[in-house]
Amino acid sequence: MAAKKANKKPVRYRMHVKKGDTVQVIAGSDKAKVGEVLAVFPKTSQVIVKGVNLKTKHVKPRQEGESGQIITKEAPIPSCKVMLYSTKQNVASRICYTYTEDGRKVRMLKKTGEIID
C-alpha cells in the first residue's frame, strides 16, 4: 500500500457562480427552476439555490411542552448543474471573462453580452 501524504491541501475548485447570482438549474429533478445562489462551497464545487433541491427534516421537541416540527431547507447541488440566468432577457447562458475600459476583469454572459459584476 502506498503511504498517504500527511499535509495534502484540499482541492479548491474555480467557481463560475458567486453568492447572490441568479441561476437556472439545467439538470435533475428541479430542471428549469430559477433561483438565487444562497451559498457557494468551492471545496466540494457545490452551491445552494433558493427554492431548489428542498429536503424535509423532522425535528424532535427539545424542551418540555415544545412541539416537534417539520423543517424544509435547501440542500447543496453540484455547480455544474446550474447556469447563470439573465432576468432581463429570460435566458440562461455560459459566461466569459472580459475587461472593461478601465481595465477591470468582469464576467459577461455569452448569449446576451450582459455584464454581471
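Quick note: structure is the one above.
Residues numbered from 1 in each chain as written. Predicted model: local features only at pLDDT ≥ 70, side-chain atom pairs only at ≥ 80, totals over all residues. Heavy atoms only, no water.

Novice: Would you explain the sheet that holds strand 8 (residues 91–93) in this entry?
Specialist: Hydrogen bonding along the main chain pairs the strands of a sheet, whether they run parallel or antiparallel. Read across the sheet, six strands follow the order 6-3-2-1-7-8 without closing on themselves; strand pairing throughout is antiparallel. Edge positions in the open sheet fall to strand 6 (77–78) and strand 8, since each of these has one partner strand only. (Pairing = 2+ DSSP bridges. Helix = DSSP H or I, 4+ residues; strand = E, 2+ residues; numbered from the N terminus.)

Novice: What am I meant to see in the pairing of strand 1 (residues 22–25) here?
Specialist: Here is the key point about a regular strand: its side chains alternate between the two faces of the sheet. Two elements, strand 1 and strand 2 (residues 34–41), share three bridges in a ladder whose sense is antiparallel. Within strand 2, the residue paired with Gln-24 across the bridge is Val-34. The pairing of strand 1 with strand 7 (residues 82–86) spans three bridges and is classified as antiparallel. Bridging across to strand 7, Val-23 finds its partner in Leu-84.

Novice: Would you mind going over unusual backbone geometry with me for this structure?
Specialist: Look at Ala-32: it is not a glycine, yet its phi comes out positive at around 80°. Within the secondary structure, Ala-32 sits in the loop between strand 1 and strand 2. Of note in the backbone geometry, Asn-53 takes a positive phi value of approximately 60° without being a glycine. Assignment of secondary structure puts Asn-53 in the loop between strand 3 (46–49) and strand 4 (54–59).

Novice: Would you mind going over the pattern of salt bridges with me for this structure?
Specialist: Where charged atoms from two side chains of opposite charge come close, those side chains can pair. Considering all chains together, one arrives at two salt bridges under this definition. Ionic pairing is found between Asp-21 and Arg-107, a salt bridge with its closest N-O pair at 3.0 Å. Placement of Asp-21 in the segment before strand 1 and of Arg-107 in strand 10 (residues 105–109) is noted, with a sequence separation of 86 residues between them. The same class applies to Asp-21 and to Arg-107, which are both buried. One salt bridge connects Asp-30 with Lys-33, and the closest N-O pair in it is separated by 3.2 Å. Accessibility expressed as a relative area gives 14% for Asp-30, which makes it buried. (Salt bridge = Lys/Arg side-chain N within 4 Å of Asp/Glu carboxyl O. Buried < 20%, exposed > 50% of the residue type's maximum accessible area, 1.4 Å probe, protein only.)

Novice: Sorry if this is basic, but what is going on with the nonpolar core here?
Specialist: Nonpolar side chains tend to gather and get buried jointly when the protein is soluble and globular. Formed by 13 residues in total, the largest nonpolar core has its most connected members in Val-17, Val-23, Val-47, Val-49, Ile-77, Val-82 and Leu-84. Counting residues per element, the ones that place at least two in this core are strand 1, strand 3 and strand 7. (Core = buried A, V, L, I, M, F, W, Y, C linked by side-chain atoms within 4.5 Å.)

Novice: Would you explain the environment of Ser-45 in this entry?
Specialist: Structurally, Ser-45 is set in the loop between strand 2 and strand 3. For Ser-45, a relative accessible area of 19% translates into the label buried. Residues Ser-45 and Lys-9, 36 residues apart in the sequence, show an inter-C-alpha distance of 15 Å. Those residues within four positions of Ser-45 in sequence are excluded, and the remaining contacts are Tyr-13, Met-15, Ile-77, Pro-78 and Ser-79. Among the polar contacts listed, one links the side chain of Ser-45 to the side chain of Ser-79, at a separation of 2.9 Å. (Contact = heavy atoms within 4.5 Å. Polar contact = N/O pair within 3.5 Å; in protein donor to acceptor, adjacent residues only side chain to side chain.)

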